[in-house]
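Here is how the chains run, residue by residue.
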Amino acid sequence: MRQHILKNAEEVVQTYVHLDFPKIPEQGYQSNNIICDICNKKYKHAATLEKHKSEVHGMSADDAGASSETSSKADSGDHVLNYSKVSLTLGLLKLNHDDSIRMGDGERILRMDKVLYLFYKAFNCTKYAYGILETLLQARVLLSDRLAHRLIWNRTVNNSGKYDTNLPNDLDLEHCNRTFKDEAHSYRGVFTDKMISRVSRSAIKTENILKNHDNSSSVHRPSGKHTPGDITCDIEILIQQFLDQRVFEFVPGRRHSAFPDFKVNQLSLDMNHFRDWLSRSMKKISKKHFYRY
């Protein structure tokens, strides 16, 4: 049964999951030095280099190597199927990322970040892409081996002791903030520096004392977790609708009314601009004072 499930899962991934990673072109500057690859003239800004190539050498950005054309596979012509493939691809990527967090697998989280930051850049979420890029540089280049190891493997926290119950550090911090706010409410809005200092040092310890007292007294404490409802019926309804609409079958000419020209490859980045953004971002990150040691 396990082999049967794995075989069918592999077929689903190979058939419907579409990840065509574009490559950075060899033309253009590949480092922080912005140099024309034809006459070796140096510039301070990438835009000036592009203007120079256009005016002096008669080259456009597309001539330089450029844009990663959509997908290596031809567009199917069924834009409903394209949308279904992209939805399934993004959904599986999210499940993979969530699972790596629950398992506390730092290396796997880092591998997923390498994929996700390309999607963030393609969808113009540049701040998220920049943040992930800095994390990748910290883990591989900017930090010492000791600090990089701590960064990779100390990004989750486990409060229950079970192997698949890890939480992101920022979510655990939000839980601590909730405890602090509950304790601070007892002061009825009178907030002073002294009060904030006292509560911030004692709130977590007070909460642990109360938990231990409840456990020894056999008092049930609400977990605070959201109990998920039974979605089996909803899933069966969706499956039947998918089968009726044939969303995972090839039907030429189909289009969604809201987005009629939906491409199966959502990583169709202009790799010239991406290369320039990557180089500028790495140069900007490396200049931060706390990386100089």
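Residues numbered from 1 in each chain as written. Predicted model: local features only at pLDDT ≥ 70, side-chain atom pairs only at ≥ 80, totals over all residues. Heavy atoms only, no water.

## Describing the environment of glutamine 138
As for its position among the elements, glutamine 138 is in helix H5 (residues 126–142). A sequence separation of 153 residues divides glutamine 138 from tyrosine 291, and the C-alpha atoms of the two residues are 9.0 Å apart. When near neighbours in sequence (up to four residues on either side) are disregarded, glutamine 138 contacts Leu143, Ala148, Leu151 and Tyr291. (Helix = DSSP H or I, 4+ residues; strand = E, 2+ residues; numbered from the N terminus. Contact = heavy atoms within 4.5 Å.)

## Quick notes on a nonpolar patch on the surface
Judged by side-chain polarity, Ile231, Ile235, Ile239 and Leu243 come together as a nonpolar surface patch covering roughly 370 Å² of accessible area. Note on placement: isoleucine 235 falls in helix H9 (residues 232–245). Since its relative accessible area comes to 40%, isoleucine 235 is described here as partly exposed. (Patch = residues over 30% accessible without salt bridge, like charges linked within 9 Å, V, L, I, M, F, W, Y side chains within 5 Å. Areas by Shrake-Rupley, 256 points an atom, 1.4 Å probe, with all protein chains shown as cover. Salt bridge = Lys/Arg side-chain N within 4 Å of Asp/Glu carboxyl O. Buried < 20%, exposed > 50% of the residue type's maximum accessible area, 1.4 Å probe, protein only.)

## With respect to the pattern of salt bridges
Applying the stated criterion across every chain yields a total of 12 salt bridges. For arginine 108, the salt bridge is made with aspartate 99, and the minimal N-O distance between the two is 2.8 Å. Salt-bridge contacts for arginine 140 lead to glutamate 107; the nearest nitrogen and oxygen are separated by 3.2 Å. Residue arginine 140 is found in helix H5, and its partner glutamate 107 is found in helix H4 (residues 106–122); the two are separated by 33 residues along the sequence. Residue arginine 140 is classed as partly exposed on the basis of its relative accessible area, which comes to 46%. Connected via shared salt-bridge partners are Asp99, Arg102 and Arg108.

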